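So you can see what is in the structure, the chains are spelled out below.
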Amino acid sequence: MKKLVGVLLTAVLILVIAGCSKEPTPQDRFAEYINLWNQQKFDKMYDYLSNSAKKKVSKEEFTGRYKKIYSDLQITHLKLTFKKPKDDNQADKEKADYTFSAKMDSLAGPISFTYKANLKKEEKNDKKNWYVDWNTGFIFPQLKAGDKISLNTIQPKRGEILDRYGNSLAANGQVYEVGVVAGDLDNSVLDPLSKLLKMSKEEITKELEASWVQKGMFVPLKKVSMEDKQRIAQLVALKPVQTRKVEARVYPYGKAAAQLIGYVGPITAEKLEKLKDKGYTAGDVIGVRGLEQVFDEQLKGTSGVKISIKKADGSEDLLAEKSVVDGKNIKLTIDADLQSVIYDEMGKNAGTAAAMNPVTGETLALVSTPSFDPNQAMLGFTSGEWKKLQDDKQKPLLTRFSQVFAPGSVMKPITAAVGLESGSIKPNQGVAINGLKWQKDKSWGRYYVTRVHSGSPMNLEKAFVYSDNIYFAQAALKIRKAHFSAGLKKFGFESELDYPYPLEVSKIGGLDNEILLADSGYGQGQIQMSIVHLMSAYTAFINKGNMIKPILLAADKQGQVFQEAVVSADHAALIAADLRRVVADPHGTAHAADMKGYPLAGKTGTAEIKQKQGQTGTENGWFIAYNPEKPDLLIAMMVENVQKRGGSQIPVKKVKNIFTKWK
């Protein structure tokens, strides 16, 4: 029995030793190689190469080439497949060959191929094993020694931003690229060139001394608008200076639409890191502000990419190709001519103005002043120009139509609507109000609500005509906090407008005490509105109580109801009639806008901006108006710092001028 056990143990030991000393098969070795390749462990793959392959390529070259190619071509979803043959009699030979398949995605689309791999049995470190007889065909079958991989990118044509009539607000045009011929620049020319290009002498010298520059070559220095004819003439008068026309983004309406449209600029490294998975590359331009930024992905289009192998004889083998897709045009409801008229009327005033069709909801103009030159912004501001813009007290970089402001008395029709619906306001009931200031009781301390015109009793119509703060303050207190807040939310306060251009949400703010509630009734307190929301709110008085959704894209459906029945049709008609009286009545605060043959209805407002109650602050003047007989144009305007300059009469006169030019 012991002898039998000993024999069995010996046999098992022999089998184990035999198993351990068994040479690896070529298919197992190649399967290991394929596995490493799928993991892109190129340094370990190199260890599987034959001696003859290693003589052709070093480990550093091998790993570096794979990494560079896969990085440059943005290779993803790499999948190498090798199916082991069932009956493989190559293990007993000195050479073996197997077919494998490769699939991958690239910048230019999918790439796939099959290739035959040759393996050799070689002895290394006193052990025999199988090694891959690698060549450049393993990367791509068409790639031979000495060939180069070519990556060509075709930039798409950026989509244009158009107004309602097809006029370009952001177009693909041309600018002058100004440069000098290397080696011809005399020091005497450097100083005037520096001043004309707004570049330092050091910056110009640095460009001319770049490593790629050779004598006689044109060296581009700066792009200049084709409209800047005087500067171009002065530049070309300098002997070594040359110009050439190059494609660039241009903004035909300049400052008038700068805040709305924005501009493009070179993509930053930070942006590229965030957007590289969306097809952006280092050479792209990207929307920096405005609608250029909002719709950048649609405007940008998709680059065409061609990956090919350039052969030594000049021929090419195509690996993958993706066709260029131009960007989409964005057509707006904006009327570019009206935009320009409103911008010109605003003049040097800081403020915002907007226009819409109150029946269809189409936004016809969005203006913010002061503004900046988007064409120069696209070409690039100097550090000094940029600092001047940032330090300007009138804030030309601020997009005011997207901001919220205290609306002042243009809020009163909304308060009236909430009060009428709740039954807190009886339109024909006279409210006794004595004097120019009022407080509920002594608990208000030294705080009073004030008004400009005295008169008693005061009904709703008179309160509108004279813009009586005290009447609407008392109305808000009668409505009470809960009903007032609910009514304002019905009008869209505290809700985001579904609008292409990002807008701040209009706020109710605090109604925690009676003073805040009273002040909110006439548009002070902590009430804040965007000018777009203000226009939308007023559409309820034109559309039988329904608030119309403001739209900006020509493709959007017109006449959408944003909030249904925010006020009854009867109450909407009552408020509309009172708004007409504000302009028509000789005592009305907007009577200066009354025009023969073209009736306007509207409301003025003066919002005081102050840090604390009781203090004197700056004032913003408001006016919003439309023709009730032909309600196809609603214009709202806010002018900052109107104190001691005429108050709300400044926007009243300006809005009247716009209607006069446009009717």
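What this report covers is the structure whose coordinates are included nearby. (Residues numbered from 1 in each chain as written. Predicted model: local features only at pLDDT ≥ 70, side-chain atom pairs only at ≥ 80, totals over all residues. Heavy atoms only, no water.)

With antiparallel pairing, 5 strands are arranged side by side in an open sheet as β16-β15-β23-β22-β21. Because the sheet does not close on itself, it has two edges, and the strands there are β16 (363-369) and β21 (601-609). Averaged over neighbouring strand pairs, the angle between their axes works out to 5 degrees when direction is ignored. For strand β15 (residues 351-356) and strand β23 (residues 634-639), the ladder comprises 6 bridges, and the chain directions are antiparallel. Counterpart to threonine 352 in the pairing with β23 is methionine 638. (Pairing = 2+ DSSP bridges. Helix = DSSP H or I, 4+ residues; strand = E, 2+ residues; numbered from the N terminus. Axes fitted to C-alpha atoms, helices over the stretch in contact; angles between N-to-C directions.)

The antiparallel open sheet is built from 4 strands, whose spatial order is β1-β2-β3-β4. Of all the strands in the sheet, the pair left with one neighbour each is β1 (76-81) and β4 (127-132). Across this sheet, the average inter-strand angle for adjacent strands is 25 degrees, counted without regard to direction. As paired elements, strand β2 (residues 95-106) and strand β3 (residues 109-124) share 12 bridges and run antiparallel to each other.

Among the nonpolar cores identified, the biggest contains 130 residues, and Ile261, Leu332 and Phe491 are the most heavily contacted of them. Broken down by element, this core gets its largest block of residues, 8 residues, from helix α18 (residues 469-479). Not counting residues within four places of it along the chain, the set of residues in contact with isoleucine 261 comprises Ile161, Leu169, Ala170, Tyr251, Arg289, Gly290, Leu291, Glu292 and Leu332. (Core = buried A, V, L, I, M, F, W, Y, C linked by side-chain atoms within 4.5 Å. Buried < 20%, exposed > 50% of the residue type's maximum accessible area, 1.4 Å probe, protein only. Contact = heavy atoms within 4.5 Å.)

Quick look at the pairing of β4 now. Two strands pair when backbone bridges link them, and β3 and β4 are joined in this way by 6 bridges, in the antiparallel orientation. From the neighbouring strand, lysine 120 faces β4, where its bridge partner is tyrosine 131.

Okay, empty space enclosed by the protein next. Evaluated as defined, the whole model comprises 2 cavities of 30 Å³ or more. Roughly 60 Å³ of volume is contained in the largest cavity. Forming the walls of the largest cavity are Ser424, Ile425, Lys426, Gln429, Val431, Tyr471, Ala475 and Lys478. In terms of residue class, the lining of the largest cavity is made up of 4 nonpolar, 2 polar and 2 charged. Partitioned by chemical class, the residues of the lining of the second largest cavity number 7 nonpolar, 2 polar and no charged. (1 Å grid on protein atoms, 1.4 Å probe; cavity = no way out; pocket = protein on both sides within 12 Å on 5 of 7 lines; lining within 4 Å. Points joined across faces, edges and corners; volume = space filled by probe spheres on them. Nonpolar A, V, L, I, M, F, W, Y, C, P; charged D, E, K, R; others polar.)

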